[in-house]
Amino acid sequence: MRHLAVGLDWRGLSTTVVGPPLRKEYLSKIDSILSDTTKFRKISRNPTAALKKRLNKIIAKNNSTCDVKFERLTGEYEMGYCYGNVKTHKPGNKLRPIISQIPTPTYYIAKRLCGLLTPYIPTSYCLQSASDFIDILNNSDAEGRVASLDVESLFTNVPVDRTINYIMERVYHSEATPKLAIPEAVLRELLESVLRELLECCTKEAPFTCPRGNKYCQVDGVIMGSPLGVLLANFFMGCIEEEVFKIVKKPDIYCRYIDDIFIKTKDAAEAEHLRLHLQETSRLTFTMENSKDGAMPFLDVLVQQEEGRFTTSVYTKPTNPGLCLNGRSECPTRYKDSTISAYIKRALTHCSTWKQVHQEIQRSTQVLINNNFSEKDINRLVKKIVDSWHNKKQQEDKKGNINIFYKATFSTAYEEDERAITQVVKRNIKPSDPDKQAIAWPFRPCNFALNQEAMKYSKASGGPRHKTIIIFKRR
């Protein structure tokens, strides 16, 4: 038994058991990853106690001067641990390194920093979900050339010092973002140093052990397993995009989900020009995949260009093993129902036609049956969810929307401005009437129909002023 290595897939979908024949290969690949001295530093002693003491000093300095408080670290802590999961969708059995920091003294601090800094991430081109991506496609024409860009090993290659500098700039020196709680101007330098120290401790000084038992610290880059991993990756890429689009015209469509980018350009030369600028500015490696016969997979969406418009359906990778929660597992019934519902709702949100919805539900039904779900339960939930979806669509067609007009100006980035305003309204405005929804509309001099709608409640028209009609000017 001591010759076995057991690991859980990072998505929780499968378990990898490495027996004696593969253990040597597994350890060799972990050793190869950790041998990069620009990313990892081997240490001889466990620094956990010293790191805890240093963090408490920084916390005490912060709490004495700032309204944002951190709890003092108490109790026992241990080093993190490193393991690797096989990238089943890529040839060569490459490993995805993961460093769990849960037992370390930096874990709580990293989670707190993640919550504080998330509002400062540049999100102009950042997708929150596949639904956001589909909304962009539905509001765009399909004329042009689509492709996807991928950042090679983004997490391990994020330059930590450069990213921390970006964070400092946006938190303390940018007029576009609110400042973190700073009691007095004279304390700015002190508080900025506290934030920098905390970030450096959580990224460059968190210790961990490898499967062989050796001790390491990561000195650059971030790896899955840290609460700050996704935040730093998104922060760095968002700042790079802002720099690039100051000197390069943004494509008709540009959107990103962490390290995967979808673009629509006029031709191949424009796409390659963009790729080279992103690569030069970030000093990372970007690869490009072009569409084939007008089709391009992105996230779990298959995008197709048909007659000047985009159509979408569910995409599954050829290496997808078709595993999910087992229908016979010992868990609450609501978990099993949620698993079935997730497949059905994805078919409804991702597919452009009812024919595609039907095909995807058939495929999903077979996947669920293969995982020991009852066909009776599947059919029950399919009927319930599809009927609810259909009724909701009918109600949306009948109900009146709350139109929120904002003053817009013409610019080369007007589509991006409109998309950003739409997302702000969608995420932050909830009508008191649950049967209504708020819709953002741009108000421009040439948009006669909308101008008439926006102005019909003005004093000049003689009509009553409506409380839900507001004109916003975006600064």
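Each value, and the rule that gives it
Residues numbered from 1 in each chain as written. Predicted model: local features only at pLDDT ≥ 70, side-chain atom pairs only at ≥ 80, totals over all residues. Heavy atoms only, no water. Phe/Tyr/Trp six-rings, centres within 6.5 Å; stacked < 30°, edge-to-face > 60°. Helix = DSSP H or I, 4+ residues; strand = E, 2+ residues; numbered from the N terminus. Buried < 20%, exposed > 50% of the residue type's maximum accessible area, 1.4 Å probe, protein only. Lys NZ or Arg CZ within 6 Å of the ring centre and 35° of its normal. Pairing = 2+ DSSP bridges. Expected span 1.5 Å × (residues − 1). Axes fitted to C-alpha atoms, helices over the stretch in contact; angles between N-to-C directions. Contact = heavy atoms within 4.5 Å.

Q: Mind showing me how you'd approach the packing of aromatic side chains here?
A: Given two aromatic rings, one states the distance between the centres and the angle between the planes to describe the pair. Evaluated as defined, the whole model comprises ten aromatic pairs. Aromatic pair Tyr125 and Tyr254: ring centres 5.5 Å apart, planes at 90°, arrangement edge-to-face. Residue Tyr125 is found in the loop between helix 3 (106-117) and helix 4 (130-138), and its partner Tyr254 is found in strand 9 (residues 253-257); the two are separated by 129 residues along the sequence. Judged by its relative accessible area of 1%, Tyr254 falls in the buried class. Put simply, the rings of Phe40, Phe208 and Tyr216 touch in pairs and so form one group of aromatic residues. When the ring centre of Phe70 is taken as origin, the NZ or CZ atom of Arg112, which lies over that ring, is 5.0 Å away.

Q: Explanation requested: the pairing of strand 8 (residues 215-218) in the structure shown.
A: If a strand is regular, its side chains alternate between the two faces of the sheet. With four bridges connecting them, strand 3 (residues 40-43) and strand 8 associate as antiparallel partners. Of the residues in strand 8, the one forming a bridge with Lys42 is Tyr216. Of the strand pairs in this sheet, strand 7 (residues 207-209) and strand 8 are connected by three bridges, and their pairing is antiparallel. Across the sheet, residue Thr209 finds its bridge partner in strand 8, namely Lys215. Here strand 7 hands over to strand 8 after five residues, with Gly213 in that stretch at a positive phi of 95°.

Q: What is the right way to read helix 10 (residues 333-350) from this model?
A: Working note: α-helix, 3.6 residues per turn, so residues spaced by three or four point in the same direction. Taking 1.5 Å as the rise per residue, helix 10 with 18 residues should run 26 Å; its terminal C-alpha atoms sit 26 Å apart, in good agreement. Inspection of helix 10 places Lys336, Thr339, Ile340, Ser341, Tyr343, Ile344, Arg346, Ala347, Leu348 and His350 among the buried residues, and these make up the whole buried set.

Q: Would you mind going over the sheet that holds strand 13 (residues 301-306) with me for this structure?
A: Each strand in a sheet pairs with another by means of backbone hydrogen bonds, the pair being arranged parallel or else antiparallel. Strand order in this open sheet of three strands is 12-13-14, and the pairing throughout is antiparallel. Strands with a single pairing partner mark the edges of an open sheet, and in this sheet they are strand 12 (295-298) and strand 14 (309-314). Mean inter-strand twist for the sheet, computed between neighbouring axes without regard to direction, equals 25°. The strands touched by helix 10 within the sheet are strand 13 and strand 14, with strand 14 carrying the most contacts at an inclination of about 170°.

Q: What should I look at first to understand the pairing of strand 14 in this one?
A: Most of strand 14 sits inside the fold, with five of its six residues counted as buried. In this structure, strand 13 lies alongside strand 14, joined through six bridges in antiparallel fashion. Its bridge partner lying in strand 14, Gln304 is registered against Thr311. What sits between the antiparallel neighbours strand 13 and strand 14 is a turn of two residues, in which Glu307 has the positive phi angle 50°.

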